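Secondary and tertiary structure notes
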Amino acid sequence: MTELQSREPLIFELSKPGRQAGTQFPPPVAGSAQVPPQLRRSAPAALPEVSELQAVRHYTRLSQMNFSIDTHFYPLGSCTMKYNPKACNTYAMLPEFLSRHPLGPEPQGFLACMHELQEMLQEITGMQAVSLTPMAGAQGEFAGVAMIRAYHRARSDAGRTEIIVPQAAHGTNPATATMCGFTVKEIPSDANGDVDIEALQAAVSPATAGIMLTNPSTLGVFEHKIVAVARIVHDAGGLLYYDGANLNAILGKVRPGDMGFDVIHMNLHKTFSTPHGGGGPGSGAVGVGARLRPFLPLPIVGKDGARYRWITERDLPQSIGRLSGFMGNAGVNLRAYIYMRLLGREGMIRVAEFAALNANYLMKRLQALGFEAAYPQRRASHEFIITLKQENKAYHVTAMDVAKRLLDYGFHAPTTYFPLLVPECLLIEPTETEAKEDLDRFCDAMAAIRQEMEHDPEKLSSAPHTMPVRRLDDVRAAKQLDLAWNRRI
Amino acid sequence: MSNIPADLQYTKSHEWVRQVQNGAVEIGITDHAQSALGDLVFVEVPDVGRALHAGEACAVVESVKAASDVYSPLGGKVTSSNGTLASQPELLNQDPYGAGWLFRLQTSTPADSSALLSAAAYASFLADESK
Amino acid sequence: MAFIPHTPDDVARMLEVIGVRSVEALFDEIPGDLRAGTLSLPPPISEMEVARLLTERAAIDGRPLNFIGAGAYEHHIPAPVWAIATRGEFYSAYTPYQAEASQGTLQLIYEYQSMMCALTGMEVSNASLYDGASALAEACLMAVRANRGSNSRRILLPRAVNPTYGQVAQAIAGNQDISFEPVDFDRSAGRTLLSALQPYSGQDIAALVVQQPNFFGSFEEVDALTDWAHENKLLVIAVVNPTSLALLKPPGQWGTSLDGRHGADIVCGEGQPLGVPLAAGGPYFGFMATRMQYVRQMPGRIVGRTVDTEGRPGFSLTLQAREQHIRRSKATSNICTNQGLLVTAATIYMSLLGARGLEAVAHASMQRTADLISALSRVAGVKRAFSAAHFHEAVLLLDRPPAPLLAALARRGILGGLDLSERYPELGHALLVCATETKLAVDIDAYAAALADVMNGSRAAA
């Protein structure tokens, strides 16, 4: 069982009027500069008043209330929770990189790293050009779909108003399509978990702008007929967009460009191990084939002879524009660069091999324990789905219950209830950086939970028991909104 | 097995209609809908006096899992709406056909209810959907 | 092999359990003709070699003396901020979907939201967005959704608002037929012209954007602008600098009406000044706050306080149903992230500085910029462009194009400012300069001396 830090007061509850961390105040500066009277703040903002030690202790203790990759096995499907190498952080935080203002003359050292990162990402995905600008997967998706829209407009083909999306797709896919002004046409998967080819053929038309896919799919299996899918969509005049969320499964083995995709977004915070940071920052670099190159979001890093420079609107007048104030999440991209240099060609090819090895091993062991895989006749990609629908019928346990009980055993839960198609599912992605013994310990916990399902189901439905809090009341959180301390409306 | 009162009419987007009199109708969402949404945390009802056409999105029901638009089954003018749901959205879960009503409409033309489903037709629609 | 723990023995045992002879067999579902050939990538290098490579490249970039602001500001970052933010428990944690295992992150975000409400004077804040520019784009989409009294998709965007923010808003919101209309600024004062708003009086417009201080560093007349907007039924979107809020009347109190309608409706901006390094442009974070009545229209994650099954207080993500909710009649957003690590840093920063410390930073920055402007204006051929009072940056007019001067200064290790001639050609040879509390008198003197030297060496424009 695991022991986390128990409850910690709010920083405001530790505050005392007049207390301050004096060494952090800059030296006072003499002079007459002041804010015009009618614009002045009348009362100080209600920020904390604590000593430096109090702040340090408080936030250190809060950190000790978290599960993280550094402390726990974290098999969150579709999130790729692999080890975040410390070297990526240390060398990205060299003082010269940290102190560099984005609007100064082009920093040749930093841009060399960015340019090489662009090239490595192009090579490993089989695309012609890359922009590092989108700040997250969702922004990368937006860029991809916006480029498809720009492409058809540039051809004066205004009738292409539909984007095809598999029913199993992640919710951001149709949301992104709608955000770019398209209507969404959903198509089903077949019993094997592949896109239903007949449904696809019926769905394409002169109104098809493109299709959004991921391969392996959200169901954790490789789309067998991807070449046929590409042909059908291309023949209809549409383009193929690849959601790179599952790139860890095929890195170095298959390239999306070779599968026929015209545009892809990558999640550098998944496949390329940049930190999740409690929810961000991510980086959603996009790669394109020749057709979409003119539309890439700006800025991009270019090279003239030996000199690196920014590619801007002058060079790429048809660009879909800028998506961030500067060049996107520069520091995140630098961490991805360092990761790719540490792995190198051989290391990157090993990623998919060991991700698949760990996933298939874990799936087989869990099946042997009596758990049901959603697609037992397929190979696991880098992740796989377990469905608890039988257990739900027999013992009334839910995926949520198992997830919460795993926390008590010291494991972060897998992803639950995604994809929506599979009832009571757990989407499990061990990643390649986990050792066999840790996978075995996870299986031991799942075996114990299975016993509890049968003999002590109360233990599951009221889990977790050993966390800093018991199960939280989400309904109350949404009905009785308490979103800021001491907020008087 | 969800509750589907026989004396009401229904839509495929899970709204119900109760004919009150002289073209006045009462509208809400069905037991199936409230059950699928789960515990409601927020309900937004249309303003009194608002003119609606059939199929127009006019209300929102939100649970922890999902937020859904409610579409007016008929055209007309909103004559009243259920303000209690603002502080007690759970009423809709508890009593979707009674205390959980959403709004009342004075329909514009003699109520064009031909597009609405009978209780039996709605029940059969639900059965097909769940296959 | 980098980060792969498996021994050959592990591999053999695992293959046996799976029932295949080799790891390659695990890819047998992938058609052979799709398999990648030899990849043209560099070989792996050790951490030692990476250290050397990155150190060499960092040395090429060096550490020039920085006087550029324009949306990213150099402030001293207290040592505890990143020492704690890079703890593995914060750095390598995921989004707090399993709330019971993420109370650290969730409580921190709740504290952050509370602090942003305090700074901005607004009722509710979200857990952050990607950056200030995209936060403005989201605020525009939100204003169109939230403005019940209007079906308009027009937004008034003063020219004194950061031009890159306008470009990003156009790129993100333009896809949904939202149009941005410019409002001119006073050429001598350097702030938005109230008279430029008059032609729009009585028209159906969704919102007015007000940046305070504006892109030129000047203080806008926020009360008059807010009053005009509300009188004409526009929402006010405030774009603010968080450091300045220690000294300035917060947007929650803009406007002079006394009926509770005063104050901006949506507040957004760039959070980078709060403990986040310049780092060549990112990662930063955008903040957004609003009135409680609009909370369901606000994009991004929100953390709420609730109780567990034993009545103990705890924190969880809330109002999540809005995030993928698609309302047909109004604009939509697909955002589903926040900048967790940066918010962690900012929250620790704000806790260490408190209101008094932030005031000291803000005041020192304002004074240093005043000193910088004085010192540089004493150089022949340099004068202040605008008469309006300013915060920690201001515009200078030069007697010749800034670009060659900036290049010469850069060769001497000084980044003199931002050349405005492309963004605002009508201003002529204009330079936006910034000095924060990190610039001491000796730095300002060094810049002034270097500028004088460089200008003596070159010719004034005819």
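Residues numbered from 1 in each chain as written. Chains lettered and ligands numbered in written order. Predicted model: local features only at pLDDT ≥ 70, side-chain atom pairs only at ≥ 80, totals over all residues.

Side note on the overall build of chain A
Along the backbone of chain A there are 16 helices and 13 strands. Here the C-alpha atoms of chain A give a radius of gyration of 25 Å, agreeing with the 23 Å that 2.2 N^0.38 yields for 489 residues. Along the first, second and third principal axes, the C-alpha set of chain A runs to 75 × 70 × 50 Å. Residues classed as buried in chain A amount to 61% of the 489 residues present. (Helix = DSSP H or I, 4+ residues; strand = E, 2+ residues; numbered from the N terminus. Rg over C-alpha atoms; globule rule 2.2 N^0.38 Å. Buried ≥ 20, exposed ≤ 12 C-beta atoms within 10 Å, placed from the backbone.)

Considerations on the sheet that holds strand β4 (residues 40-44) of chain B
All names here are of chain B. If you walk across this open sheet you meet the 3 strands as β4-β6-β7, and the pairing is antiparallel. Edge positions in the open sheet fall to β4 and β7 (67-71), since each of these has one partner strand only. Averaged over all pairs of adjacent strands, the angle between strand axes in this sheet comes to 20°, irrespective of strand direction. Pairing between β4 and strand β6 (residues 57-63): 4 bridges, direction antiparallel. Bridge pairing links valine 43 to valine 61 in β6. (Pairing = 2+ DSSP bridges. Axes fitted to C-alpha atoms, helices over the stretch in contact; angles between N-to-C directions.)

A few points about the pairing of strand β7 (residues 266-270) of chain C
Residues and elements named next belong to chain C. Within β7, 5 of the 5 residues are buried, which leaves the element mostly enclosed by the surrounding structure. Across the two faces of β7 the burial is the same, with Ile266, Cys268 and Glu270 and Val267 and Gly269 all buried. The sheet contact formed by β7 and strand β8 (residues 286-290) spans 5 bridges and is antiparallel. In the sheet register, glycine 269 faces β8, and the bridge partner there is phenylalanine 287.

Observations concerning the interface of chain A and chain C
Taken residue by residue, the interface counts 161 residues in chain A and 160 residues in chain C. Here the side of chain A that touches chain C takes 21 residues from helix α11 (residues 330-368) of chain A, the largest share from any one element. A per-class count over the side of chain A that touches chain C returns 89 nonpolar, 41 polar and 31 charged. (Contact = placed C-beta atoms within 7 Å. Nonpolar A, V, L, I, M, F, W, Y, C, P; charged D, E, K, R; others polar.)

Description of the domain arrangement of chain A
Residues and elements named next belong to chain A. The domains assigned to chain A are domain 1 (87-343) and domain 2 (352-474). The distance between the C-alpha centroids of domain 1 and domain 2 comes to 31 Å. At the junction of the two partners, domain 1 supplies 17 residues and domain 2 supplies 15 residues. Among the residues forming the side of domain 1 that touches domain 2, the class breakdown is 8 nonpolar, 8 polar and 1 charged. (Domains from an automatic or database assignment.)

Some remarks on the domain arrangement of chain C
How large an interface is tends to be reported as the accessible area lost when its parts come together. Residue and element names in this part refer to chain C. Per the domain assignment, the segments making up chain C are domain 1 (65-75 + 355-457) and domain 2 (79-347). Facing 25 residues of domain 1, the contacting portion of domain 2 comprises 23 residues. Taken together, the elements giving at least two residues each to the side of domain 1 that touches domain 2 come down to α9 (340-377) and β12 (393-398). Sort the elements by how many residues they give to the side of domain 1 that touches domain 2 and α9 lands first, with 7 residues. Looking at the side of domain 1 that touches domain 2 residue by residue, the class counts come to 14 nonpolar, 7 polar and 4 charged.

Overview of the interface of chain B and chain A
Taken together, the contact between chain B and chain A spans 4 residues of the former and 4 residues of the latter. Residues belonging to the side of chain B that touches chain A are distributed by class as follows: 3 nonpolar, no polar and 1 charged.

Thoughts on the pairing of strand β9 (residues 103-107) of chain B
All names here are of chain B. In β9, alternate side chains face the same way, and those of Phe103, Leu105 and Thr107 are buried while those of Arg104 and Gln106 on the opposite face are not. Pairing analysis gives 5 bridges linking strand β8 (residues 76-81) to β9, with the strands arranged antiparallel. By the bridge assignment for β9, serine 80 is matched with arginine 104.

Digging into the sheet that holds strand β1 (residues 129-131) of chain A
All names here are of chain A. Taken in spatial order, the 7 strands line up as β1-β7-β6-β5-β4-β2-β3 in an open sheet, and their pairing is mixed. Looking at which strands have only one partner, the edges of the open sheet turn out to be β1 and β3 (183-187). Across the sheet, the mean angle from the axis of one strand to that of its neighbour is 20°, orientation sign disregarded. Where strand β5 (residues 239-243) lies against strand β6 (residues 263-265), 3 bridges are found, and the strand directions are parallel. Looking at the pairing, aspartate 243 lines up with histidine 265 of β6.

A few points about the packing of helix α6 (residues 132-146) of chain C against helix α7 (residues 163-173) of chain C
Residues and elements named next belong to chain C. The contact between α6 and α7 brings their axes to 8 Å, and the two run at 50°. Judged by the inter-axis angle, α6 sits oblique to α7. Of the two possible hands of crossing, α6 and α7 adopt the one that is right-handed. For the pair formed by α6 and α7, the contact residues are Gly132, Ala133, Ser134, Leu136, Ala137, Cys140 and Leu141 on the first element and Thr164, Tyr165, Val168, Ala169, Ile172 and Ala173 on the second. The residue inventory of the contact of α6 with α7, partitioned by class, reads 10 nonpolar, 3 polar and no charged. (Parallel < 35°, antiparallel > 145°, perpendicular 65-115°, else oblique. Left-handed = near helix turned anticlockwise from the far one by under 90°.)

With respect to the packing of α11(A) against helix α2 (residues 47-61) of chain C
Interhelical geometry of α11(A) versus α2(C) gives an angle of 140° and a closest axis separation of 10 Å. Here α11(A) lies oblique to α2(C), going by the angle between them. Our pair here, α11(A) against α2(C), has a crossing hand that is right-handed. Of the residues in α2(C), those touching α11(A) at A:Ile338, A:Arg341 and A:Leu342 are C:Glu47, C:Val50 and C:Leu54. Taken together, the residues that form the contact of α11(A) with α2(C) break down as 4 nonpolar, no polar and 2 charged.

Thoughts on the nonpolar core
Counting 353 residues, the largest nonpolar core has A:Met147, A:Ile338, C:Cys140, C:Ala143, C:Ala207, C:Val236 and C:Ile237 as the members making the most contacts within it. When residues of this core are assigned to their parent elements, the largest contribution, 22 residues, is made by α11(A). Look past the residues within four positions of C:Ala207 in its chain and what remains in contact with it is C:Cys140, C:Ala143, C:Asn147, C:Ile155, C:Leu234, C:Leu235, C:Val236 and C:Ile237. (Core = buried A, V, L, I, M, F, W, Y, C linked by C-beta atoms within 7 Å.)

Digging into α7(C)
Residues and elements named next belong to chain C. Here α7 lies mainly inside the structure; 9 of its 11 residues are buried. When we look at burial in α7, the residues that qualify are Thr164, Tyr165, Gly166, Gln167, Val168, Ala169, Ala171, Ile172 and Ala173. Elements that come into contact with the buried residues of α7 comprise α6, β3 (154-158), β4 (179-183) and β6 (235-240).

Structural notes on unusual backbone geometry
All names here are of chain A. Backbone torsion omega between asparagine 215 and proline 216 reads 0°, so that peptide bond is classified as cis. Relative to the elements of secondary structure, proline 216 occurs in the loop between β4 (208-213) and α9 (226-235). A cis amide bond links glycine 280 with the next residue in sequence, proline 281, at an omega value of 5°. With respect to the helices and strands, the residue proline 281 is situated in the loop between β6 and β7 (286-288). Backbone geometry at threonine 80 places phi at a positive 50°, although glycine is not the residue there. In this fold, threonine 80 is placed in the loop between α2 (52-63) and α3 (86-92).

Thoughts on the confidence of the model for chain C
With 95% of its residues at a pLDDT of 70 or more, chain C has an overall mean of 94. Predicted confidence is poor over residues 325-330 of chain C, with pLDDT under 50, and the contacts of this stretch with residues over four places away or in other chains come to 11 contacts. (pLDDT = per-residue confidence, 0-100.)

Details of the environment of A:Ser324
With respect to the secondary-structure elements, A:Ser324 resides in the loop between β9 (307-311) and α11. Those residues in contact with A:Ser324, other than ones at most four positions away along the chain, are A:Thr133, A:Met135, C:Tyr130, C:Asp131, C:Ala133, C:Ser134, C:Val168 and C:Gly282.

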